[in-house]
4 protein chains.
Amino acid sequence: MTESGELAPDRPIPSENHLADEYGVARLTARRTAQELRERGLIVTVRGKGSFVVEHPPTGAPADDEDKPTG
Amino acid sequence: MTESGELAPDRPIPSENHLADEYGVARLTARRTAQELRERGLIVTVRGKGSFVVEHPPTGAPADDEDKPTG
Amino acid sequence: MTESGELAPDRPIPSENHLADEYGVARLTARRTAQELRERGLIVTVRGKGSFVVEHPPTGAPADDEDKPTG
Amino acid sequence: MTESGELAPDRPIPSENHLADEYGVARLTARRTAQELRERGLIVTVRGKGSFVVEHPPTGAPADDEDKPTG
DNA sequence: GTGGTCTAGACCACT
DNA sequence: GTGGTCTAGACCACT
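What counts and how
- Residues numbered from 1 in each chain as written.
- Chains lettered and ligands numbered in written order.
- Predicted model: local features only at pLDDT ≥ 70, side-chain atom pairs only at ≥ 80, totals over all residues.
- Heavy atoms only, no water.
- Helix = DSSP H or I, 4+ residues; strand = E, 2+ residues; numbered from the N terminus.
- Contact = heavy atoms within 4.5 Å.
- Near = heavy atom within 4 Å.
- Polar contact = N/O pair within 3.5 Å; in protein donor to acceptor, adjacent residues only side chain to side chain.
- Nonpolar A, V, L, I, M, F, W, Y, C, P; charged D, E, K, R; others polar.

Student: Can you help me understand the environment of L37(D) in this one?
Tutor: All names here are of chain D. For L37, the position within the fold is in helix α2 (residues 27–39). Sequence separation of L37 and V25 is 12 residues, and the distance between their C-alpha atoms is 17 Å. If sequence neighbours within four positions are ignored, L37 has contacts with L42 and I43.

Student: In this structure, what is going on with the protein's contact with DNA strand E? I would like to understand it.
Tutor: With respect to spatial proximity, 35 residues lie near DNA strand E, and among them R27(B), R31(B), T29(C), R32(C) and R47(C) are the closest. Protein-proximal atoms of DNA strand E, defined as those within 4 Å of the protein, fall in sugar or phosphate at a share of 69%. In this structure, R47(A) approaches DNA strand E through a side-chain N or O atom, which is 3.5 Å from a sugar or linking oxygen. Of all elements in the fold, only α2 (27–39) and β2 (50–53) of chain A, α2 (27–39), β1 (43–46) and β2 (50–53) of chain B together with α2 (27–39) of chain C reach the threshold of two or more residues within the surface near DNA strand E. The element best represented in the surface near DNA strand E is α2(C), accounting for four residues. Partitioning the surface near DNA strand E into residue classes produces five nonpolar, 13 polar and 17 charged.

Student: In this structure, what is going on with the protein's contact with DNA strand F? I would like to understand it.
Tutor: Taken together, the neighbourhood of DNA strand F is formed by 36 residues, with T29(B), R32(B), R47(B), R27(C) and R31(D) sitting nearest. Among atoms of DNA strand F positioned within 4 Å of the protein, sugar and phosphate together represent 68%. Between DNA strand F and R47(C) there is a distance of 3.2 Å, counted from a base nitrogen to a side-chain nitrogen or oxygen. Between DNA strand F and G48(C) there is a distance of 3.3 Å, counted from a base oxygen to a backbone nitrogen or oxygen. Of all the secondary structure elements, the ones that give two or more residues to the surface near DNA strand F are α2 of chain A, α2 of chain B, α2, β1 (43–46) and β2 (50–53) of chain C together with α2 and β2 (50–53) of chain D. In terms of residue count, the dominant contributor to the surface near DNA strand F is α2(B) (four residues). Classifying every residue of the surface near DNA strand F gives six nonpolar, 13 polar and 17 charged.

Printed below as a string of structure tokens:
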């Protein structure tokens, strides 16, 4: 999983500035990408620290969409 | 008034380092909190000594917002 | 008035990142400088836009230090 | 020169807090030690960064004691 | 051993 | 692509 520059668990992903710089995109674009990964549960973000790959990502239940069943 | 962890007049509040440690935040964040208490007149800060609770804090007139009524 | 690098009214001053880079200081330090100019009424700051020189700055009456003479 | 835990050129020396912790002395004591090394030209200190060992320390001319001869 | 201020660098809110 | 705020951690001023 880490052979071709992919991300490893418990390692910080490159910062928003770095990603923006690296891929020649706007910081907002980098931010949106991180936001999407976060919503999918693939990374967790800590203010002032960075974003980190989660070890066991969920298989399809984003935090914001979950619906507690009444029964 | 001091039974449940509340602050007592003329007693130093926990230091910035202690508060940062206690609440798991950076020292700068703890400093900002102290700064707010200072602006509200609730504590006074002495360099090299600590911050102290004032005995008779203002009842609702922060330095920048005060409005002297005419009547 | 703008010949030797001085600031012009209604023009943004260099960004915090630029100033930090220019003078070799941390961004927080550049921010503190801007904060002082703001408190003196020399610039106004708009989030996401920048800081701008005011046209008619106060002539010497900072909010906290002003002393109305009786005579 | 680096065999028994001694300091290496261009490497930061342990911080004041670390030294104080390591040797069980007060921070003030650690600070005074660093100050003496600084006065002897053995280390240079950068605010917010740390103190660094100089490569070619002077052989006996501390910065504060030097006397410019008039002749 | 406290509060004061700095470096470095991260994400956040907004335009 | 700006200003806002945070983490982490260094030395400084003072008592």
